[in-house]
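Chains, contacts and geometry: an overview
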Amino acid sequence: MIFHLLSRLSANVPSVVYRAALIMKPQVVFVLGGPGAGKGTQCARIVENYSYTHLSAGDLLRAERSREGSEFGQLIDSYIKDGKIVPVEITINLLRKAMEETMEMDEKKFRFLIDGFPRNEDNLQGWTTVMEGKANVKFVLFFDCTSEVCIDRCLERGKSSGRTDDNRASLEKRIQTYLQSTRPIISLYEKQGKVRTVDASCGVDEVFDNVKAILDKEG
């Protein structure tokens, strides 16, 4: 059923390869960390100071869930509410579409922060299958933070965010999903020497100072 729906969604994506791909493949930094680790906040600051485009896997999924007429809406909603990871085919299709549209509008925008992805081994395998040779993963920017701090931040955020998953029950499920599924992916990239770790438990400004040091070094 998912593949049937994907074929219909893909019909809305331009079939021609974007011109910029002939010059430069997308340069990708995966941004990982627990819920509430500050990934979105720091990505916004990176975009202000560096030539990156921020793509949040979660935001793309929530937007697709809310899009009128989306055949994925109910499916995405059920996964998010249960703190589960949405099927990789849907997520990668949305990420690929967003990168293509960004590069079609401006061929100079080929650097991407992909926030909250890959979240498990299935995500990673799906990315490798679909995007191998089509994008270069430079490194993983890992925001390291304790579960307690993550939950407290999300509960505070939930007072104004309007997000259905910013409640303790969903958060506890999301933390467990992160520890069981995403943390091993970070460990895998660590073995490849491709993880840049930031202590995300400090204040926003201090965290960004550390982020800047990493990005300036990476070039």
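Residues numbered from 1 in each chain as written. Predicted model: local features only at pLDDT ≥ 70, side-chain atom pairs only at ≥ 80, totals over all residues. Heavy atoms only, no water.

A contiguous patch of negative charge on the surface is contributed by Asp144, Glu190, Asp199 and Glu206. You can call Glu206 partly exposed: its relative accessible area is 46%. (Patch = residues over 30% accessible without salt bridge, like charges linked within 9 Å, V, L, I, M, F, W, Y side chains within 5 Å. Areas by Shrake-Rupley, 256 points an atom, 1.4 Å probe, with all protein chains shown as cover. Salt bridge = Lys/Arg side-chain N within 4 Å of Asp/Glu carboxyl O. Lys, Arg positive; Asp, Glu negative; His and termini not counted. Charge placed at Lys NZ, Arg CZ, Asp CG, Glu CD. Buried < 20%, exposed > 50% of the residue type's maximum accessible area, 1.4 Å probe, protein only.)

The feature "binding site: ATP" (unreviewed entry), as annotated in UniProt, sits at Gly36, Ala37, Gly38, Lys39, Gly40, Thr41, Arg157 and Cys202 in this numbering. Within the fold, Gly38 resides in the loop between β1 (27-33) and α2 (39-49). Mapping Arg157 onto the fold places it in helix α7 (residues 147-161). Setting aside chain neighbours within four positions, we find Arg157 in contact with Arg163, Asp166 and Arg174. (UniProt positions renumbered as here; feature names shortened; annotations may be inferred. Helix = DSSP H or I, 4+ residues; strand = E, 2+ residues; numbered from the N terminus. Contact = heavy atoms within 4.5 Å.)

Let us look at unusual backbone geometry. Note that the residue after Phe117, namely Pro118, is joined by a cis bond; omega there is 0 degrees. By the secondary structure assignment, Pro118 is in the loop between β3 (111-115) and α6 (121-131).

This part is about the sheet that holds strand β5 (residues 195-199). Strand order in the open sheet formed by 5 strands is β2-β3-β1-β4-β5, and the pairing between neighbours is parallel. Of all the strands in the sheet, just β2 (53-56) and β5 have a single pairing partner and so form its edges. Across the sheet, the mean angle from the axis of one strand to that of its neighbour is 25 degrees, orientation sign disregarded. Bridge count for β1 against strand β4 (residues 136-144) is 7 bridges, and the pairing is parallel. Among the inter-strand pairings, Gly33 is bridged to a residue of β4, identified as Phe143. Packing of helix α3 (residues 57-66) onto the sheet brings it into contact with β2 and β3, and relative to β2 it is tilted by some 60 degrees. Contacts from helix α9 (residues 204-218) reach β4 and β5 within the one sheet, and its direction differs from that of β5 by about 160 degrees. (Pairing = 2+ DSSP bridges. Axes fitted to C-alpha atoms, helices over the stretch in contact; angles between N-to-C directions.)

Let's shift gears to the packing of aromatic side chains. For the structure on display, the rule yields 4 aromatic pairs. Relative to Phe117, the ring of Phe30 has its centre 6.1 Å away and its plane inclined at 65 degrees; by these criteria the two rings are edge-to-face. Of the two residues, Phe30 sits in strand β1 while Phe117 sits in the loop between β3 and α6, which places them 87 residues apart along the sequence. Given the relative accessible area of 0%, Phe30 is considered buried. Their ring planes at 55 degrees and their centres at 6.0 Å tell us that Phe117 and Trp127 sit as a pair that is tilted. Of this pair, Phe117 sits in the loop between β3 and α6 while Trp127 sits in helix α6, placing them 10 residues apart in sequence. (Phe/Tyr/Trp six-rings, centres within 6.5 Å; stacked < 30°, edge-to-face > 60°.)

Inspection of α3 places Ala57, Leu61, Arg62 and Glu64 among the buried residues, and these make up the whole buried set. Along α3, the residues classed as buried sweep out an arc of 160 degrees about the axis, all on the same side. (Arc of directions from axis to C-beta.)

Moving on to the side chain of Asn93. Relative to the helices and strands, Asn93 resides in helix α5 (residues 88-105). Given a relative accessible area of 6%, Asn93 falls into the buried group. Here Arg96 takes part through its side chain, which lies 2.6 Å from a polar atom of the side chain of Asn93. (Polar contact = N/O pair within 3.5 Å; in protein donor to acceptor, adjacent residues only side chain to side chain.)

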